[in-house]
Amino acid sequence: MATDPAVATTDGEPCDVFIAGGGMVGASLAVALAGLHLRVGLAEAVPLGGPGQPSFDRRTVALSRSSQRILDSLGLWSGLEPEAAPIRRIHVSEQGRFGSTVIDAAREGVPALGYVIGNARIGAALWGALNAARGVALHVPGEVQGVEPAGEYLRVLVRRDAGVLAVPARLLVVADGARSRLRAALGIEARVRPYGQTAIIGTVGLTRGRVGDLAFERFTPSGPLALLPAGADRYAFVVTRRTDDAPATLALDDAGFVGVLQAAFGNRAGRFAAPSPRVAYPLELVTAAAVTAPRAVVIGNAANGLHPVAGQGYNLGLRDVAALAEVIADDVRRHGAGADPGADAVIGQYGDWRRRDQRNVVAFTDGLVRAFGVDAPLLGPLRGLSLLAFDLLPGAKGLLARETMGLGGRMSRLARGLPL
Ligand SMILES: Cc1cc2nc3c(=O)[nH]c(=O)nc-3n(C[C@H](O)[C@H](O)[C@H](O)COP(=O)(O)OP(=O)(O)OC[C@H]3O[C@@H](n4cnc5c(N)ncnc54)[C@H](O)[C@@H]3O)c2cc1C
C-alpha cells in the first residue's frame, strides 16, 4: 500500500484505537467503544448512502439472537426493532429429495430464532449513534492507505481530501472487508477460495396472503436458496447460481425471475409477484492466516469472508466486536488512564477467545456448501437421509439452532445483555 510522496502529510492527534473501515463491523465496534472514555478514530472510504457503499447496500441481513442482544446492549435495538421481521421457524429442504427439517423457536425456548433487517437500516442506526458520540474522531471519506511501526504506536496513514493524515494509534483494528488491503500491509496472508457461485439478492412480494415468520432454506442442484420474511408483504431472497449461469438469471425479466423462484420453492411460501431489481455477489471463502499482529487486530470479513448460505458473516463479525470491546474494557478497568488496548496481553486475549468460534463457523458454513454443493453429486442420497435423520435426532437441531443463533461457545457480556 504505497502512499503518494507528492501529497502533503500532516500529523494527527494520537488515539488509543483506530478502526480502518466503517462498514457493518467497523462501525459497530466504534459504537461499542464510544462509552469507554478512549480516544477512538474511524476512517471510512465511502460515506453511508454514498454511491458504491459496499457494506450498507440493498442486502438484508438475518441477525442471530446473539446479534440482536448485542445491538440491544449497544442501545440500538429499540430503534431497529419496528423494522425488523422476526424469524420463528426455518424450513430446511432439498429440491427433489424427501427429507426436510424445521427449526422452531418455540422448541428452542426463545421468542425468535433471529430477525431480518436491511443493511442500510443498520447503517443508519450505527452512523446516527456515531455522529452523536463523543470521543470518536470520524474520518469520512477517509481511505487508510498504509501503516508504519512507530514505537508504542502504529502510524496509520489516512488519505483525506486535503492530503494524508498520519494518526498514531496504540491499536489498529482492520475492518476493511474480505478483500482487505490493510491485512496484506500488515504481512498477514489470506486464503481465498472462489466457490464458483454467485448470490443474486433482492425482495419479492406475494399475489395474496401475508408473509409470516417462517424462513426457507432450500438446497438445489445449482446452489442454496434462502427466503426470509422481510415485513408483512415481502420476502428477501438469496438465490445462488453457478457463476457461469448467473448472467442468464440476471438477464431475466420480472416474470421470468418469478418463474425461477416459484420453480425452486414450489407453492410452500405462496405465489410470488413484483420482484425488486436483482443484485449479484460472486462468492468466495476468505480466511486470514492470523487475526492479530503487533498492535493490530483483524475483524469481520477481513478475518473471515463467508458464503452467505447460513447468514453468518455479520453475526460472526459482531461477536468479534463484542469480544474485542470486552477485552479492551477490562484493560481500561484494570489500568485506568494507563490502559493500552494495543498491548500484547490484550490482543492475545482477543485471539485466544475468538479462535474456536471463528473456526467452527467457517467449518460449518463451508461444510454446508460442500455437503449440499453443486460439486458433490454423489452425496445426494446421503444428504436426503441426513436431513431426515436430522429431524428425528434429539439434540441435533438444538445444537444447529444454538450455532445459528450465535449462542454456542463463550458469550460476551454484550451478548448476555450486560454493559461492557
Ligand atoms: C448476498 C449476501 C448475503 C448476506 N447475508 C447475511 C446474513 O443474512 N447474515 C449475516 O450475518 N451476514 C450476511 N452476509 C455477510 C455480511 O454482509 C458481511 O459479513 C458484512 O457485511 C461484513 O462487514 P464488514 O464491515 O466486515 O465488511 P464490509 O461490509 O466489506 O465493509 C468494509 C468497509 O470498509 C471500507 N473500506 C475498505 N477499504 C478501506 C480503506 N482502505 N480505508 C477505509 N475504509 C475502507 C468499505 O468502504 C466498507 O464500508 C451476507 C453477505 C452476502 C454477500
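Counting from 1, residues in each chain are numbered in the order their sequence is written. Local features in a predicted model are, by the rule used here, given only for residues with pLDDT of at least 70; side-chain atom pairs are given and counted only at 80 or more, and totals for whole chains, interfaces and linings are based on all residues. Note that water and hydrogens are dropped before the side-chain values are worked out from all heavy atoms of the structure.

Concerning the overall build of the protein chain
For step 1, the next point in the chain: Working definition: helices are DSSP H or I runs of at least four residues, strands are E runs of at least two. Numbering for both runs from the N terminus. Along its length, the protein chain carries 12 helices and 21 strands.
For step 2, the next point in the chain: Residue burial in the protein chain is summarised as follows: out of 420 residues, 55% are buried.
For step 3, the next point in the chain: Nonlocal contacts in the protein chain, meaning residues at least 24 apart in sequence, comprise 72% of its contacts between residues at least 6 apart.
For step 4, the next point in the chain: Surface summary for the protein chain: the accessible area is close to 17700 Å², and the carbon and sulfur share equals 55%. Buried means the residue's accessible area, taken with a 1.4 Å probe over protein chains only, is under 20% of the maximum for its type, while exposed means over 50%, and partly exposed covers the values in between. Residue contacts are counted whenever heavy atoms from the two residues lie within 4.5 Å of one another. Throughout, the Shrake-Rupley method with a 1.4 Å probe supplies accessible areas, and for residues the shown protein chains are the sole cover considered.

Observations concerning the pattern of salt bridges
For step 1, the next point in the chain: By salt bridge we mean one thing: a side-chain nitrogen of Lys or Arg within 4 Å of a carboxyl oxygen of Asp or Glu. With the rule as written, the count across this model stands at 21 salt bridges.
For step 2, the next point in the chain: We note a salt bridge from R155 to D11, for which the minimum N-O separation is 3.5 Å. Residue R155 is found in strand β11 (residues 153-160), and its partner D11 is found in strand β1 (residues 9-11); the two are separated by 144 residues along the sequence.
For step 3, the next point in the chain: In this structure, the salt-bridge partner of R121 is E83, at a minimum N-O distance of 2.8 Å. Placement of R121 in helix α5 (residues 119-132) and of E83 in the loop between α3 (77-80) and β5 (85-87) is noted, with a sequence separation of 38 residues between them.
For step 4, the next point in the chain: Note on R121: relative accessible area 23%, which makes it partly exposed.
For step 5, the next point in the chain: The class of E83 is partly exposed, set by a relative accessible area of 47%.
For step 6, the next point in the chain: One network of salt bridges, in which partners are shared, links R319, D320, R354 and D357.

Concerning the nonpolar core
For step 1, the next point in the chain: Of all hydrophobic cores here, the largest spans 80 residues; its most connected members are F18, I19, L172, I299, Y314 and I328.
For step 2, the next point in the chain: The element contributing the most residues to this core is helix α9 (residues 313-335), with 11 residues.
For step 3, the next point in the chain: Ignoring sequence-local partners within four residues, the contact set of I19 consists of G26, L29, A30, L33, V40, G41, L42, A43, V173 and A175.
For step 4, the next point in the chain: Working definition of a nonpolar core: buried Ala, Val, Leu, Ile, Met, Phe, Trp, Tyr and Cys residues. They are joined through side-chain atoms within 4.5 Å. With 29 residues, the next largest nonpolar core counts A85, I103, A310 and L368 among its residues.

What about the packing of aromatic side chains?
For step 1, the next point in the chain: Stacked, edge-to-face and tilted labels apply to pairs of Phe, Tyr and Trp rings (six-membered ring for Trp) whose centres lie within 6.5 Å, assigned for plane angles under 30 degrees, over 60, and everything in between, in that order. Taken as a whole and assessed by the stated rule, the structure comprises 6 aromatic pairs.
For step 2, the next point in the chain: Residues W77 and Y115 carry aromatic rings whose centres are separated by 5.0 Å and whose planes lie at 65° to one another, so their mutual orientation is edge-to-face. Of this pair, W77 sits in helix α3 while Y115 sits in strand β8 (residues 114-118), and the two are 38 residues apart along the sequence.
For step 3, the next point in the chain: By relative accessible area, which is 4% here, W77 ends up buried.
For step 4, the next point in the chain: Between the aromatic rings of Y235 and F272, the centroid separation amounts to 6.4 Å while the plane-to-plane angle is 85°, which identifies the pairing as edge-to-face. One end of the pair, Y235, is in strand β16 (residues 234-242); the other, F272, is in strand β17 (residues 272-273), with 37 residues separating them in the sequence. Here Y235 and F272 have matching classes, each one buried.
For step 5, the next point in the chain: Through a chain of ring-to-ring contacts, three or more aromatic side chains come together here, namely F216, Y235, F265 and F272.
For step 6, the next point in the chain: In this scheme, the term charge over a ring applies when either NZ of a lysine or CZ of an arginine sits within 6 Å of the ring centre and within 35 degrees of the ring normal. The lysine or arginine in question, R170, covers the ring of Y153, its NZ or CZ lying 4.9 Å from the ring centre.
For step 7, the next point in the chain: Its end group placed over the ring of W353, R410 keeps NZ or CZ at 3.6 Å from the ring centre.

Topic: the site of the ligand
For step 1, the next point in the chain: A single heavy atom is enough: if one lies within 4 Å of a molecule or strand, its residue is considered near that molecule or strand. Around the ligand, a shell composed of 31 residues is seen, among which E44, Q53, S55, A62 and N301 lie nearest.
For step 2, the next point in the chain: In protein, a polar contact means a hydrogen-donor-capable atom and an acceptor-capable atom, both N or O and within 3.5 Å, with residues adjacent in sequence counting only if both atoms are side-chain atoms; elsewhere, any N or O pair within 3.5 Å suffices. Contact distances for the ligand include 3.3 Å between an oxygen atom and a backbone N or O atom of M24.
For step 3, the next point in the chain: N315 places a main-chain nitrogen or oxygen 3.0 Å from an oxygen atom of the ligand.
For step 4, the next point in the chain: Coverage of the ligand by the protein amounts to 90% of the 1000 Å² it exposes when considered alone.
For step 5, the next point in the chain: Elements that contribute at least two residues to the shell around the ligand include exactly α1 (24-33), β4 (60-64), β10 (143-150), β13 (190-206) and α9.

Section: unusual backbone geometry
For step 1, the next point in the chain: Each neighbour pair has its own omega, and for V140 with P141 the value is -10°, a cis peptide bond.
For step 2, the next point in the chain: Of note, A274 is a non-glycine position whose phi angle comes to about 50°, a positive value.
For step 3, the next point in the chain: When you line up the elements, A274 lands in the loop between β17 and β18 (279-288).
For step 4, the next point in the chain: Look at R295: it is not a glycine, yet its phi comes out positive at around 65°.
For step 5, the next point in the chain: For R295, the location among the structural elements is in the loop between β19 (292-293) and β20 (296-298).

As for α5
For step 1, the next point in the chain: With 14 residues, α5 should cover 20 Å at 1.5 Å per step; its first-to-last C-alpha distance of 20 Å lies within 8% of that length.
For step 2, the next point in the chain: Along α5, the residues that are buried comprise N119, I122, G123, A125, L126, W127 and L130. Given a helix with a known number of residues, its expected span is that number minus one, times 1.5 Å.

So, the side chain of N119
For step 1, the next point in the chain: Here N119 shows up in helix α5.
For step 2, the next point in the chain: Side-chain polar atoms of N119 contact the backbone oxygen of S55, separated by 3.0 Å.
For step 3, the next point in the chain: Excluding its chain neighbours within four sequence positions, the residues that come into contact with N119 are M24, S55, F56, D57, R59, T60 and V61.

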